[in-house]
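Here is what each chain is made of, one letter per residue.
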There are 4 protein chains.
Amino acid sequence: MGDAPIPATGEVLIRVRYAETDQMGFLHHANYLIYFEQARTELLRDVGLSYKQMEDEGFLLALAKVEVKYRAPARYDDLLRVVTTVVRITPVRLEHKYEVFRETTLIAEGATTLACIGRDGKLQALPDWFVRRTSKVEKT
Amino acid sequence: MGDAPIPATGEVLIRVRYAETDQMGFLHHANYLIYFEQARTELLRDVGLSYKQMEDEGFLLALAKVEVKYRAPARYDDLLRVVTTVVRITPVRLEHKYEVFRETTLIAEGATTLACIGRDGKLQALPDWFVRRTSKVEKT
Amino acid sequence: MGDAPIPATGEVLIRVRYAETDQMGFLHHANYLIYFEQARTELLRDVGLSYKQMEDEGFLLALAKVEVKYRAPARYDDLLRVVTTVVRITPVRLEHKYEVFRETTLIAEGATTLACIGRDGKLQALPDWFVRRTSKVEKT
Amino acid sequence: MGDAPIPATGEVLIRVRYAETDQMGFLHHANYLIYFEQARTELLRDVGLSYKQMEDEGFLLALAKVEVKYRAPARYDDLLRVVTTVVRITPVRLEHKYEVFRETTLIAEGATTLACIGRDGKLQALPDWFVRRTSKVEKT
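What comes next is a walk through the structure.

Here is what the cut-offs are and how they apply
Residues numbered from 1 in each chain as written. Chains lettered and ligands numbered in written order. Predicted model: local features only at pLDDT ≥ 70, side-chain atom pairs only at ≥ 80, totals over all residues. Heavy atoms only, no water. Contact = heavy atoms within 4.5 Å. Buried area = accessible area lost by both parts, 1.4 Å probe. Salt bridge = Lys/Arg side-chain N within 4 Å of Asp/Glu carboxyl O. Polar contact = N/O pair within 3.5 Å; in protein donor to acceptor, adjacent residues only side chain to side chain. Least-squares fit on C-alpha atoms with pLDDT ≥ 70 in both. Helix = DSSP H or I, 4+ residues; strand = E, 2+ residues; numbered from the N terminus. Nonpolar A, V, L, I, M, F, W, Y, C, P; charged D, E, K, R; others polar. Pairing = 2+ DSSP bridges. Phe/Tyr/Trp six-rings, centres within 6.5 Å; stacked < 30°, edge-to-face > 60°. Buried < 20%, exposed > 50% of the residue type's maximum accessible area, 1.4 Å probe, protein only. Lys NZ or Arg CZ within 6 Å of the ring centre and 35° of its normal. Axes fitted to C-alpha atoms, helices over the stretch in contact; angles between N-to-C directions.

### Let's talk about the interface of chain A and chain D
Put simply, an interface is often sized by how much accessible area is lost when its parts join up. Facing 20 residues of chain A, the contacting portion of chain D comprises 20 residues. Where chain A abuts chain D, roughly 1,700 Å² becomes buried across the two surfaces, and 45% of that area is made up of carbon and sulfur atoms. Among the residues of chain A in contact with chain D, Arg17(A), Tyr18(A) and Tyr76(A) are the three that bury the most area, contributing 36% of the side total. Linking chain A with chain D are 4 salt bridges. Close ionic contact of Arg17(D) with Glu20(A) constitutes a salt bridge, the shortest N to O distance being 2.8 Å. On inspection of chain A and its partner chain D, the count reaches 10 residue pairs in polar contact (both at pLDDT 80 or more).

### Describing the relation of the copies chain A and chain D
Superposing chain A onto chain D requires a rotation of 180° together with a translation of 0.0 Å along the rotation axis, leaving an RMSD of 0.0 Å. Read as a symmetry element, the transformation amounts to a two-fold axis. No C-alpha of chain A approaches the rotation axis more nearly than that of Ile14(A), which lies at 5.5 Å. Looking at the interface residues of chain A, 100% of them are also at the interface in chain D, so both copies use one shared face.

### A closer look at the interface of chain B and chain A
Contacts between the two partners involve 24 residues from chain B, matched on the other side by 24 residues from chain A. Looking only at chain B, the three residues that lose the most surface to chain A are Met24(B), His29(B) and Tyr70(B), adding up to 26% of its buried area. Counting residues per element, the side of chain B that touches chain A draws most heavily on strand β2 (residues 60-70) of chain B, which supplies 11 residues. In the side of chain B that touches chain A, the residues fall into 15 nonpolar, 3 polar and 6 charged. In the sheet, strand β2 (residues 60-70) of chain A pairs with β2(B) via 5 bridges, with the strands oriented antiparallel. Of the residues in β2(B), the one forming a bridge with Lys65(A) is Lys69(B).

### Notes on the packing of aromatic side chains
This model, assessed by the stated rule, comprises 26 aromatic pairs over all chains. Seen from their ring centres, Tyr32(A) and Tyr70(A) are 5.0 Å apart, and the 85° between their planes marks the pair as edge-to-face. Here the residue Tyr32(A) occupies a position in helix α1 (residues 31-45), and Tyr70(A) occupies one in strand β2, the gap between them amounting to 38 residues. Take Tyr32(A) and Tyr70(A): they sit in the same class, and that class is buried. For the ring pair Phe36(B) and Tyr98(B), a centre distance of 4.2 Å and an interplane angle of 5° mean the geometry is stacked. Highlighted residues: Phe36(B) in helix α1 (residues 31-45) and Tyr98(B) in strand β4 (residues 93-102), separated in sequence by 62 residues. Exposure class is identical for Phe36(B) and Tyr98(B). Each is buried. Aromatic ring contacts, followed pair by pair, group Tyr18(A), Tyr76(A) and Tyr51(D) into a single cluster. Just above the ring of Phe101(C) sits the side chain of Arg81(C); from NZ or CZ to the centre is 4.7 Å.

### Concerning the pattern of salt bridges
Under the definition given, this model contains 32 salt bridges over all chains. In this structure, Glu11(A) engages Arg81(A) in a salt bridge whose closest nitrogen and oxygen atoms are separated by 3.3 Å. Here Glu11(A) is found in strand β1 (residues 9-15), whereas its partner Arg81(A) is found in strand β3 (residues 79-89), with 70 residues between them in sequence. A relative accessible area of 47% means that Glu11(A) is categorised as partly exposed. On the accessibility criterion, Arg81(A) (25% relative accessible area) is partly exposed. Asp78(B) is paired through a salt bridge with Arg102(B); the nearest N and O atoms lie 3.2 Å apart.

### Quick word on the relation of the copies chain B and chain A
Here chain B sits on chain A after a turn of 180° about the axis and a move of 0.0 Å along it, with an RMSD of 0.0 Å. Mapped onto chain A, 100% of the interface residues of chain B are again interface residues, and the two copies thus contact each other with one and the same surface.

### Thoughts on the side chain of Thr41(C)
Position of Thr41(C) among the secondary structure elements: in helix α1 (residues 31-45). Take Thr41(C): its relative accessible area is 12%, and that puts it in the buried class. Beyond its immediate sequence surroundings of up to four residues, Thr41(C) is in contact with Tyr76(B) and Tyr51(C).

### Side note on the sheet that holds β2(A)
The strand order across the open sheet built from 10 strands is β1(A)-β3(A)-β4(A)-β5(A)-β2(A)-β2(B)-β5(B)-β4(B)-β3(B)-β1(B), with neighbouring strands paired in antiparallel fashion. Only two strands of the sheet have a single partner each, and these edge strands are β1 of chain A together with β1 (9-15) of chain B. Mean inter-strand twist for the sheet, computed between neighbouring axes without regard to direction, equals 25°. Of the strand pairs in this sheet, strand β3 (residues 79-89) of chain B and β4(B) are connected by 9 bridges, and their pairing is antiparallel. Bridge pairing in β4(B) links Arg81(B) to Phe101(B).

Right, dumping it as structure tokens:
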């Protein structure tokens, strides 16, 4: 796994699937949350970690809050670029923001707050290695 | 269709489907947006209208903004009650808030802003009959 | 819970959600599998049982096979009637068939085979009470 | 667009998303249909075509039949390989088969029949260029 710091920013390309469109002809708005989820887990993979691993060790990240602003629609087969940034870490919470681009156009922005919980559903501290390796981010 | 005012508040019962859970054992967070969508369209149906009809007449309501706060998880087979309120109407926008209950426990709160657009994707005024019949809501 | 036999046939009404449509303007075909899942669990609920309960007791029903024939499209806001029939029970498998109607038009037919597995993913016999109470069905 | 023949077989890698799992801890079975859809459209892209283009020209491919056999579960974060083969073309129909692998293990097999329809929902012949370029496949 090495010891590389978890990057504060990363990006992932996601192509809009047919099943994700709706009869308006747009990517249905609920799918942005699924793209955000995929995007933030890829940040971990970039340094050889995986969210799967965190869950296997008993650290679950449950969504506590999400906000999305939709600026322009995405359509079937669009190749979207989701830029994800870790903006804040507290002992039990993790905040990301997201920007979704189609080519150079910003089509959506989002923010999430994740809470670290155990298998029992109770809040618990994020794993030490995770906090240590996410070094470039404001901690409070 | 009559001429009954569109109610400012309504509620709908939604049972959590198996396919909507994730491996954490919870209703996956993206599905709340789908529940909100179902809930706000039921408000129209209560007075003999339908969102389908609005679309057929060329008035599309596209999501411009959403916010959700998750307070407690929902699980497979839970029967959730989504209370929806129209909080504001402008000539081209419509704002709702949502409260999701499992029995008497508030498990999530949300807010959305919808923009009225035409088939060309451009903003247009909400239909007159819609604004007129949503009479109890603050208009700006 | 009583001891009423699990009915061999039942039906459930499902309204097509906006998010379930695709840009073709139809209910996306993958959602039929989710409707089938909801429909077969409602068969159990009709006699005071729940699939949730089976899972809690360690009996998981995993899909082994599915087949769907799509005869006519369904659209947003359609109220569909899914008629479900248990067609066969073996010690470890359960077969259903499904007919989806919009008013009196048969729009799709399906069939599934479920395998009973444990938390370890291995095949195991269906619970005794389940087999006993599903009495009207061919057993092999 | 060139004139390269549409390949009779191709493959695509798809990573299982968290939102696609269910509380059994597996990739929910309905998602295989969405993976199949993505896989067959990538066959077209391989030769510089796109399904989007077909739709824009008024040729819609609607699912007429699907069958899936599930052999082993997939889990969150698994990188699956979907091998897709065009097995038959008739004037108005297109048949594919699919094999889903996790590393070298075959975890699912599927088959679909697509019908070519127009915007009016009526059957119509597949576009000439499509039939001509899918030259290696049995035609009947």
